[in-house]
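Close look at the chain arrangement
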Amino acid sequence: MAKPISIEVYNPNGKYRVVSTKSMPGTRWINLLIEQDCRVEICTQKKTILSVEDIIALIGDKCDGVIGQLTEDWGETLFAALSRAGGKAFSNMAVGYNNVDVNAANKHGVAVGNTPGVLTETTAELAASLSLAAARRIVEADQFMRAGLYDGWLPHLFVGNLLKGQTVGVIGAGRIGSAYARMMTTSYGEFLKANGEQPVTWKRAASMDEVLREADVISLHPILDKTTYHLINKESLATMKKEAILVNCSRGPVVDEVALVEHLKQNPMFRVGLDVFEDEPYMKPGLADMKNAVVVPHIASASKWTREGMATLAALNVLGKIKGYPVWGDPNQVAPFLNENAPPPAASPSIVNAKALGLPVSKL
Ligand SMILES: O=C(O)C(=O)CO
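About the cut-offs
- Residues numbered from 1 in each chain as written.
- Predicted model: local features only at pLDDT ≥ 70, side-chain atom pairs only at ≥ 80, totals over all residues.
- Heavy atoms only, no water.
- UniProt positions renumbered as here; feature names shortened; annotations may be inferred.
- Helix = DSSP H or I, 4+ residues; strand = E, 2+ residues; numbered from the N terminus.
- Buried < 20%, exposed > 50% of the residue type's maximum accessible area, 1.4 Å probe, protein only.
- Contact = heavy atoms within 4.5 Å.
- Near = heavy atom within 4 Å.
- Polar contact = N/O pair within 3.5 Å; in protein donor to acceptor, adjacent residues only side chain to side chain.
- Areas by Shrake-Rupley, 256 points an atom, 1.4 Å probe, with all protein chains shown as cover.
- Nonpolar A, V, L, I, M, F, W, Y, C, P; charged D, E, K, R; others polar.
- Salt bridge = Lys/Arg side-chain N within 4 Å of Asp/Glu carboxyl O.
- Core = buried A, V, L, I, M, F, W, Y, C linked by side-chain atoms within 4.5 Å.
- Pairing = 2+ DSSP bridges.
- Axes fitted to C-alpha atoms, helices over the stretch in contact; angles between N-to-C directions.
- Patch = residues over 30% accessible without salt bridge, like charges linked within 9 Å, V, L, I, M, F, W, Y side chains within 5 Å.
- Parallel < 35°, antiparallel > 145°, perpendicular 65-115°, else oblique.
- Left-handed = near helix turned anticlockwise from the far one by under 90°.

In the nomenclature of an unreviewed UniProt entry, the protein chain corresponds to Glycerate dehydrogenase from the organism Populus tomentosa. Looking at the protein chain in UniProt, the text filed under Sequence similarities (unreviewed entry) is "Belongs to the D-isomer specific 2-hydroxyacid dehydrogenase family."

Overview of the side chain of His 263
Of note, His 263 is situated in helix α10 (residues 257-266). Under the relative-accessibility criterion, His 263 is labelled buried at 12%. Filtering out sequence-adjacent residues up to four positions away, His 263 remains in contact with Leu 237, Ala 238 and Phe 270.

Re the site of the ligand
Inspection of the region around the ligand gives Leu 70, Ala 94, Val 95, Gly 96, Leu 119, Arg 251, His 298, Ser 301 and Met 310 as its neighbouring residues. One nitrogen or oxygen atom from the main chain of Val 95 is found 2.8 Å from an oxygen atom belonging to the ligand. One nitrogen or oxygen atom from the side chain of Ser 301 is found 2.7 Å from an oxygen atom belonging to the ligand. In the complex, 92% of the free accessible area of the ligand, which totals 230 Å², lies under the protein chains. In terms of residue class, the shell around the ligand is built from 5 nonpolar, 3 polar and 1 charged.

Looking at the pattern of salt bridges
Scanning all chains against the criterion turns up 12 salt bridges. Across the pair Lys 47 and Asp 54 runs a salt bridge whose closest N-O atoms are separated by 2.5 Å. Under the relative-accessibility criterion, Asp 54 is labelled buried at 12%. Here Asp 64 and Lys 62 are joined by a salt bridge, their closest N and O atoms 2.7 Å apart. Given the relative accessible area of 16%, Asp 64 is considered buried.

Describing the nonpolar core
Within the largest apolar cluster, 49 residues are counted, with the highest numbers of intra-cluster contacts made by Trp 29, Leu 33 and Ile 67. Breaking this core down by element, the ones donating at least two residues are β2 (16-20), α1 (28-35), β3 (38-43), α5 (120-135), α7 (175-194), β9 (245-248), α11 (304-323) and α12 (335-338). Looking at which element gives the most residues to this core, the answer is α11, with 9 residues. Excluding anything up to four places from it in sequence, Ile 67 contacts Val 18, Val 19, Ser 20, Thr 21, Met 24, Trp 29, Leu 33, Phe 90, Ser 91, Ala 314, Ala 315 and Val 318. If you look at the next biggest cluster of nonpolar residues, it comprises 26 residues, including Ile 171, Val 211, Ile 218 and Met 240.

Some remarks on the sheet that holds strand β8 (residues 217-220)
Sheet architecture is open: 5 strands sit in the order β7-β8-β9-β10-β11, paired in parallel fashion. The strands lining the two open edges of the sheet, one partner per strand, are β7 (168-171) and β11 (293-295). Ignoring which end each strand starts from, the neighbouring axes of this sheet average 15° apart. In this sheet, strand β10 (residues 271-274) lies alongside β9 in parallel orientation, the contact comprising 4 bridges. Opposite Leu 246, over in β10, you have Val 272 as the bridge partner. Lying over the sheet, α10 contacts β9, β10 and β11, oriented at roughly 145° with respect to β10.

Some points on the sheet that holds β2
The sheet built from 6 strands is open, its strands ordered β1-β3-β2-β4-β5-β6 with mixed pairing. Both outer strands of the open sheet, β1 (7-10) and β6 (111-113), are each paired with one neighbouring strand and no more. Averaged over neighbouring strand pairs, the angle between their axes works out to 20° when direction is ignored. Strand direction decides the pairing type here: strand β5 (residues 89-92) and β6, joined by 3 bridges, are parallel. By the bridge assignment, Ala 89 is partnered in β6 with Ala 111. Strands in contact with α11 are β2, β3, β4 (65-68), β5 and β6; relative to β5, the strand with the most contacts, it is inclined by about 165°.

A short note on a nonpolar patch on the surface
There is a patch of nonpolar side chains on the surface, built from Met 145, Tyr 150 and Trp 153 and spanning about 410 Å² of accessible area. Residue placement: Trp 153 occurs in the loop between α6 (138-146) and β7. Take Trp 153: its relative accessible area is 68%, and that puts it in the exposed class.

Observations concerning the packing of α1 against α11
One way to put it is that α1 packs onto α11 with a least axis distance of 8 Å and a crossing angle of 20°. One element, α1, and the other, α11, form an angle in the roughly parallel class. The handedness of the crossing between α1 and α11 comes out as right-handed. Here α1 contributes Arg 28, Trp 29, Leu 32 and Leu 33 to the contact with α11, which in turn contributes Ala 311, Thr 312, Ala 315, Leu 316 and Leu 319. Residue composition of the contact of α1 with α11, grouped by class: 7 nonpolar, 1 polar and 1 charged.

Below you can see the structure in the form of structure tokens.
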């Protein structure tokens, strides 16, 4: 028997019971649910990652929909529990949904939402920040400064990589990967052009091997599935340039982290910027000691606007299914849902299994 879980309740007399497994940024998402007759329950348990048992306890006997997080294991057990409680809607507060077994959701007739279109630039900005931080050894230099070790300018002090004229590779050039490529090339390209220098050019590589061999900076943006698990491994690392920079803002298991630690040890001029980890929240042994690694705790989407927007989209995904609204036609064009000065469209912004469940699509 799972322990009772602490919750905060809004609009206790609402007709539909919607549970959020975490407190989420902003209040608009709560207000939108309340306005549509939902009772909103937010889990306030002081535990970062909720277990399946915790979430079963939250779902209880009657639950119309759940907003969950990428740290949770949404598989057969949870979708069966939600379905038993009468629920037909779940949304991840994330664009990635590798934590969700969509087949299990289909089996129980539960719609699965995600939050694309609102975190593209925010995530690309972090990938660009990690690229620059790794190239110019910002974190190492910051630690050196704070430790009181700086006793004067030296020709060799924290010499890093110049990115001008270098080749940037993107593996997984979808929404976020393309935004990263634009950020890393467009404004710098304009600046170089204005100075009469060689502009930045781009091309689609013929193979991943070509990217690995030729790029000086590689940023990873694929989804995580069977085909991308350990896409970067001992062999692919060995193919990369010895002084290359690797950035990962996608999912940790895309990189074989044990092989990466070994590669960092053997190649001190090779650098990485990591937002995600194979066994999140943990790092593989040795990674924390590597000076040629910049590591941050999965914060790529962590800008206020984006996180509030993600919460809104996740809530509207669940609300739309509860109210029987259609699914929005283009999940990349979610701006109408994010305009705080107008009511959102009567639709679920993004349901990944809409087709499998035969849900109608909005004509708006
Ligand atoms: O949305 C996602 O998939 C995330 O990883 C959160 O930043």
